[in-house]
Amino acid sequence: MTSRNEAAAAEPTRPARPALVRELLLVAGLFLVYKVGRQLAADHTGEAFRNAHHVWHLERALHLPGEGAVQSLLLHGDTLVRIANTYYATVHFPATVGLLVWLYLRRPAHYVWTRRALAALTAAALVLHLTFPLAPPRMLAATGLVDTARVYGPSVYGPPKTDHLSNQFAAMPSLHFGWALMVAVALIAATRSRWRWLWLLYPLLTLLVIVGTANHYWLDSVAAAALLGIALVALPLPHRRPVTLALGRQRPAPAEENGPLVGAVR
């Protein structure tokens, strides 16, 4: 009986997994609030295009590489550009949801940390979308970029005037990049494989896709990374408790059991 108690005491306590129904309602609620908030900023067309010109000229003043350099690589063949458009349309949400499900089941503490970071990033992005509406480069004639989704397909957006499901003037920050970066950071933090740093290829690929398809400026991703960095500084990273095996361990005996009692024989 004693050995069983010692073994149980030696096992690290696992963090409690949050209630599933509560988490589903919370994530769904955050998503709905974000979608409603995006719609509130969907009608600022003139301001969105003025801001787009400012961002475009700022990038040139900073000597950032032109987004067209990335797009020209995609336009070498129809197949490659369609793959990029499909990636943009289909990977964003499933990858993030898949991460949250895996963390919920296998790393509850990291799940809570990741969910909080994503919520903080998304809330900050919503504020910026409301205060700084921005037309994407595919809409700005000055960029000379091609709207690859409209020309080659598939496209997730309709004409801005009739598309009531999304706010196309919410380019900054890029949540495509911000969420992809958080997916990589969460997997690096939650795993111990020597290859875990390869997860950074996911946000890198996402960056090339969102820029090459003319859906985002470089600065959109810079803003997303900065907001995520602030969120991660504010949120403490969960630490794993070291696992100590109880097998083969012996509890030190009290002093009176280690040797004869002093003065027992006189």
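Residue positions are given per chain, counting from 1 as you read along its sequence in written order. With the structure being a predicted model, the display of local features is reserved for residues of pLDDT at least 70 and the display and counting of side-chain atom pairs for 80 or more, all residues being used for whole-chain, interface and lining totals. Only hydrogens and water are removed before side-chain values are computed, so all heavy atoms of the structure are retained for them.

1. Structural notes on the overall build of the protein
Right, on to step 1. In terms of helices and strands, the protein carries 12 helices and zero strands.
Right, on to step 2. Note on classification: 1.4 Å probe, protein chains only; a residue is buried when its accessible area is under 20% of the maximum for its type, exposed when over 50%, partly exposed between these limits. Put simply, the protein has 266 residues, and 39% of those count as buried.
Right, on to step 3. In what follows, residue pairs with any heavy atoms lying within 4.5 Å of each other are defined as contacts. Put simply, 85% of the contacts in the protein that link residues at least 6 apart link residues at least 24 apart.
Right, on to step 4. Under the convention used here, a 1.4 Å probe and the Shrake-Rupley method define accessible areas, while residue burial counts only the protein chains that appear. For the protein, the exposed surface amounts to about 15,800 Å²; the carbon and sulfur share of it is 66%. Here a strand is any run of E in DSSP of at least two residues, a helix any run of H or I of at least four, and the numbering for each starts at the N terminus.

2. Concerning the pattern of salt bridges
Right, on to step 1. Salt bridge, as applied in this entry: a Lys or Arg side-chain nitrogen positioned within 4 Å of an Asp or Glu carboxyl oxygen. Applying the stated criterion across every chain yields a total of four salt bridges.
Right, on to step 2. Note that R60 and E67 form a salt bridge whose closest N and O atoms lie 3.7 Å from each other.
Right, on to step 3. Relative accessible area serves as the criterion here: at 26%, R60 is assigned to the partly exposed category.
Right, on to step 4. What you see here is one network of salt bridges that share partners, running through E59, R60 and E67.

3. A word on the confidence of the model for the protein
Right, on to step 1. For the protein, the mean per-residue pLDDT works out to 82, and 76% of the residues sit at or above 70.
Right, on to step 2. As a per-residue measure, pLDDT reflects the predictor's confidence and takes values from 0 up to 100. Note that pLDDT drops below 50 for residues 6-12; the model gives that stretch eight contacts with residues more than four away or on any other chain.
Right, on to step 3. Below a pLDDT of 50 lies the segment residues 242-251, which in the model reaches eight contacts outside its immediate sequence neighbourhood of four places, other chains included.

4. Concerning a nonpolar patch on the surface
Right, on to step 1. Any residue with relative accessible area above 30% and no salt bridge may belong to a patch, with like charges joined within 9 Å and the nonpolar Val, Leu, Ile, Met, Phe, Trp and Tyr side chains within 5 Å. Together, W195, L198, L201, L204 and L208 line one region of the surface with nonpolar side chains, adding up to about 530 Å² of accessible area.
Right, on to step 2. Overall, the relative accessible area of 37% leaves L208 in the partly exposed class.

5. Considering the packing of helix 7 (residues 108-131) against helix 9 (residues 175-190)
Right, on to step 1. To get an axis, fit a line to the C-alpha atoms, keeping to the stretch in contact for a helix; angles then go from 0 to 180 degrees between the N-to-C directions. Closest axis-to-axis distance for the helix 7/helix 9 pair is 11 Å, and the angle between their directions is 160°. Comparing their axes, helix 9 and helix 7 come out roughly antiparallel. The handedness of the crossing between helix 7 and helix 9 is right-handed. Contact residues: helix 7 offers H110, W113, T114, A117, L118, L121, T122 and A125, while helix 9 offers L175, G178, W179, M182, V185, A186, A189 and A190. Throughout, the term roughly parallel applies to angles under 35 degrees, roughly antiparallel to angles over 145, roughly perpendicular to angles from 65 to 115, and oblique to all others. When the near helix sits turned anticlockwise from the far one by under a right angle, the crossing is termed left-handed; a clockwise turn instead gives a right-handed crossing.

6. Remarks on the packing of helix 9 against helix 10 (residues 201-212)
Right, on to step 1. The geometry of helix 9 relative to helix 10 is characterised by a closest axis approach of 8 Å and an angle of 170° between their N-to-C directions. Between helix 9 and helix 10, the crossing angle belongs to the class labelled roughly antiparallel. In contact with H176, F177, A180, L181, V183 and A184 of helix 9, helix 10 contributes Y202, P203, T206, L207 and I210.
Right, on to step 2. Amino acids are sorted into nonpolar (Ala, Val, Leu, Ile, Met, Phe, Trp, Tyr, Cys and Pro), charged (Asp, Glu, Lys and Arg) and polar (every other residue, Gly among them). Tallied by class, residues from the contact of helix 9 with helix 10 come to nine nonpolar, two polar and no charged.

7. Section: the packing of aromatic side chains
Right, on to step 1. Each Phe, Tyr or Trp ring (for Trp, its six-membered ring) is paired with any other whose centre lies within 6.5 Å, and the angle between the two planes then decides the class: stacked below 30 degrees, edge-to-face above 60, tilted in between. Across all of its chains, the model carries three aromatic pairs by this definition.
Right, on to step 2. A centroid spacing of 6.0 Å and a plane angle of 65° characterise the contact between F49 and F169, whose relative ring orientation is edge-to-face. Linking F49 in helix 3 (residues 45-61) with F169 in the loop between helix 8 (148-152) and helix 9, this pair joins segments that are 120 residues apart in sequence.
Right, on to step 3. Take F49: its relative accessible area is 25%, and that puts it in the partly exposed class.
Right, on to step 4. Geometry around W56 places R60 over its ring, the cationic atom sitting 4.1 Å from the centre. In this scheme, the term charge over a ring applies when either NZ of a lysine or CZ of an arginine sits within 6 Å of the ring centre and within 35 degrees of the ring normal.

8. Some words on the environment of A231
Right, on to step 1. You can see A231 is positioned in helix 11 (residues 218-234).
Right, on to step 2. Take A231: its relative accessible area is 8%, and that puts it in the buried class.
Right, on to step 3. Taking the C-alpha atoms as reference points, A231 and A119, 112 residues apart in sequence, are found 9.3 Å from one another.
Right, on to step 4. The contact partners of A231, leaving out residues within four places of it in the chain, are A117 and A120.

9. What about unusual backbone geometry?
If a residue is not glycine, its phi is most likely negative; likewise, a peptide bond is most likely trans.
Right, on to step 1. With an omega of -10°, the peptide bond between G153 and P154 qualifies as cis.
Right, on to step 2. Tracing the backbone shows P154 in the loop between helix 8 and helix 9.
Right, on to step 3. Each neighbour pair has its own omega, and for M172 with P173 the value is -5°, a cis peptide bond.
Right, on to step 4. Residues other than glycine seldom take positive phi values, yet H63 does so here, at roughly 60°.
Right, on to step 5. Owing to a relative accessible area of 70%, H63 belongs among the exposed residues under this scheme.
Right, on to step 6. Unlike most non-glycine residues, A214 shows phi in positive territory, near 65°.
Right, on to step 7. The topology assignment puts A214 in the loop between helix 10 and helix 11.
Right, on to step 8. Note on A214: relative accessible area 0%, which makes it buried.

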